[in-house]
Amino acid sequence: MNATLQIHNPWTGQALTTIPADDAASVAAKAAAARAAQPAWAALPMAERLACITRFRAAVVAQLEDLATTMTRETGKPITLSRNELNGLLPRLDFFLEQAEGAVRDEHVFDGGGMHEQIGHVPLGVVANISAWNYPWFVGCNVIVPALLTGNAVLYKPSEHAALTGGAITRLLHEAGVPAGVMQCLVGGGEVGAALVAQRIDGLFFTGSHATGQRIAMALAPRLVKVQLELGGKDPMYVRADVDVKAAAESLADGAMYNTGQGCCSVERIYVHEAVHDAFVAHFVATVRAMKAGDPMDASTYLGAVTREPQLRVLEAQVADAVAKGATLACGGHRTAGPGWGFEPTVLSGCDHSMEVMREESFGPIVGIQKVASDDEAVERMNDTRYGLTAGVYTKDEAAARALLARVNAGTVYWNCCDRVSPRLPWSGVGDSGIGLTLSTHGIQTFTRPKAWHLRQA
Ligand code: NAD
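Residues numbered from 1 in each chain as written. Predicted model: local features only at pLDDT ≥ 70, side-chain atom pairs only at ≥ 80, totals over all residues. Heavy atoms only, no water.

1. A short note on the domain arrangement of the protein chain
The condition that has to hold: All domain edges in this entry derive from an automatic or database-based domain assignment. Only heavy atoms matter for contacts: two residues are in contact if any of them lie within 4.5 Å across the pair. Buried area adds together the accessible area that both of two parts lose upon being put together, with accessible area traced by a 1.4 Å probe. A pair is scored as a salt bridge if a Lys or Arg side-chain nitrogen falls within 4 Å of a carboxyl oxygen belonging to Asp or Glu. Polar contact criterion, stated in full: a pair of N or O atoms within 3.5 Å, where within protein one must be able to donate a hydrogen and the other to accept it, and residues adjacent in sequence count only if both atoms are side-chain atoms. Comment: elements are numbered from the N terminus, with helices defined as DSSP H or I runs of at least four residues and strands as E runs of at least two. Any residue outside Ala, Val, Leu, Ile, Met, Phe, Trp, Tyr, Cys, Pro, Asp, Glu, Lys and Arg is labelled polar, Gly included; the first ten of those are nonpolar and the last four are charged.
Each assigned domain of the protein chain is listed here: domain 1 (4–232 + 431–456) and domain 2 (236–418). Across the contact, 28 residues belong to domain 1 and 29 residues belong to domain 2. Buried area between domain 1 and domain 2, summed over both chains or domains, comes out near 2400 Å², and the portion from carbon and sulfur atoms is 63%. For the interface between domain 1 and domain 2, the tally reads 1 salt bridge. As a salt-bridge pair, Arg386 and Asp432 come within 2.7 Å of each other at their nearest N and O atoms. Inspection of the domain 1/domain 2 interface yields 14 residue pairs in polar contact (both at pLDDT 80 or more). For the side of domain 1 that touches domain 2, the elements supplying multiple residues, two or more each, are helix 3 (64–75) and helix 4 (79–103). A class-by-class count of the residues in the side of domain 1 that touches domain 2 yields 8 nonpolar, 15 polar and 5 charged.

This is the structure in structure tokens:
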């Protein structure tokens, strides 16, 4: 294994460190080791696997500050948000610890005429997880933890932009008692991901862009391997005329800019009823202007760096395209002056659907705002997308919100909130936002296959 991976600090733009990486031969060896180790892991009583995850949780708590610092240095995520992610992980782990046993318990569905019928939940076997960098603990553990609890071996390829964090997750799981063969980390970029896809695997769980997800699904289709894809979004929100305009603007500004806009469920486009449009834009821009950008290691920083340098050009192009087509640049619009990869929080008003900023994922601190005249127009605009991850409505009228949200094509819908994930609810996308799901009890069962038992007394 002679390959290496260079890690950068997005805030400084400088190289942080270089670590050993995988190559095709080491990926194949790790896949073979996982295959060999999985049956014994699956044969353990559930209580032993639960005990490993309980120890893993305790280690995350004990080492939280170091883990947060590592994540901040390699992703540019502000340190306060890194702490938030790690603290937010704990209830997710608790949910899995509480629910795993019941989710895969045998179901006895019929007894009569000498026949007994039951449904078993059998681990898939060896599953691969190719992951993203924006919330590396969340998206990694959404797959790794329930997959391990249900008796699978995991081949985990963290993003090359969060490889130190991926290594830390793996180390803590090993220290917690998960055997080395059962939980393996593969270090590298797309070529290592592609080498993993080429192995004999029983499930592929991917979080990342639509383009990469589609490539992986096409590679696996002939082999009929179970594939789950958690992909991008262009998440819309609608502000009705009856809202507290200032409160709605503050909530949505946070939803658009949190994690420097780099969330799959970040608010990416906002439709505002014409009766409150101008006041909403004024409050929204004031909120965004007050957000503190700066050194991600400073605890008071809210906006950090853009993690991938090439994304800066995407953001610049979306601003230029929108302005050329008539949008108003209400604030921001440019790279920040520093040495690293910063981008000003940017608000574009007067947008329409001819503009890239209303159609393609920005994945940065940019949001487009469009005026609408009615609920029907808002629904039509919200559904005018190839994506369908989350969508929401801000209104005082619950009945109107429920009626509107029932008409919106998205895996997750929000009333008076946004950019929110719950371990108790399934996380899934419609259209180009993906297939399959994580989280909820369904997101535990998804790492198993149902086995049908027909049993007759002789
Ligand atoms: P990406 O597609 O560039 O990379 C994702 C992973 O795929 C990385 O680990 C990468 O190394 C790997 N990869 C790249 N090429 C590959 C190939 N040919 N074969 C196999 N693996 C390959 O995405 P990203 O930049 O890491 O993440 C950002 C995207 O992820 C955004 O679109 C965002 O919306 C999405 N995302 C979605 C969710 C969700 O839950 N739906 C959560 C977080 C992020």
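Having seen the structure, we can now continue with the description.
2. Quick word on the nonpolar core
Selection rule: We define the nonpolar core as a collection of buried residues of types Ala, Val, Leu, Ile, Met, Phe, Trp, Tyr and Cys that are connected through side-chain atoms lying within 4.5 Å of one another. Note on classification: 1.4 Å probe, protein chains only; a residue is buried when its accessible area is under 20% of the maximum for its type, exposed when over 50%, partly exposed between these limits.
In this structure, Phe56, Trp137, Leu252, Ile270, Phe280 and Phe284 are the most contacted members of the largest nonpolar core, which totals 112 residues. The element that contributes the greatest number of residues to this core is helix 4, accounting for 11 residues. Split by domain, the residues of this core number at least three in each of domain 1 (4–232 + 431–456) and domain 2 (236–418). The contact partners of Phe56, leaving out residues within four places of it in the chain, are Leu93, Trp137, Cys141, Val145, Ile169, Leu172, Leu173 and Ala176.

3. Structural notes on the site of the ligand
Spelled out, the test is: Being near a molecule or strand, for a residue, comes down to having at least one heavy atom within 4 Å of it. Using the Shrake-Rupley algorithm and a 1.4 Å probe, accessible areas are obtained, with residue cover drawn only from the displayed protein chains.
Lining the immediate surroundings of the ligand are 30 residues, of which Lys157, Glu160, Ser209, Thr212 and Glu361 lie closest. One of the side-chain nitrogen or oxygen atoms of Lys157 is found 2.7 Å away from an oxygen atom of the ligand. In the model, a nitrogen atom of the ligand is placed 3.5 Å from a nitrogen or oxygen of the Ala194 main chain. Coverage of the ligand by the protein chains reaches 91% of its 860 Å² of free accessible surface. Those elements that place two or more of their residues in the shell around the ligand are helix 7 (190–197), strand 8 (203–207) and helix 8 (210–220). Split into classes, the residues belonging to the shell around the ligand amount to 13 nonpolar, 11 polar and 6 charged. When residues of the shell around the ligand are sorted by domain, at least three fall in each of domain 1 (4–232 + 431–456) and domain 2 (236–418).

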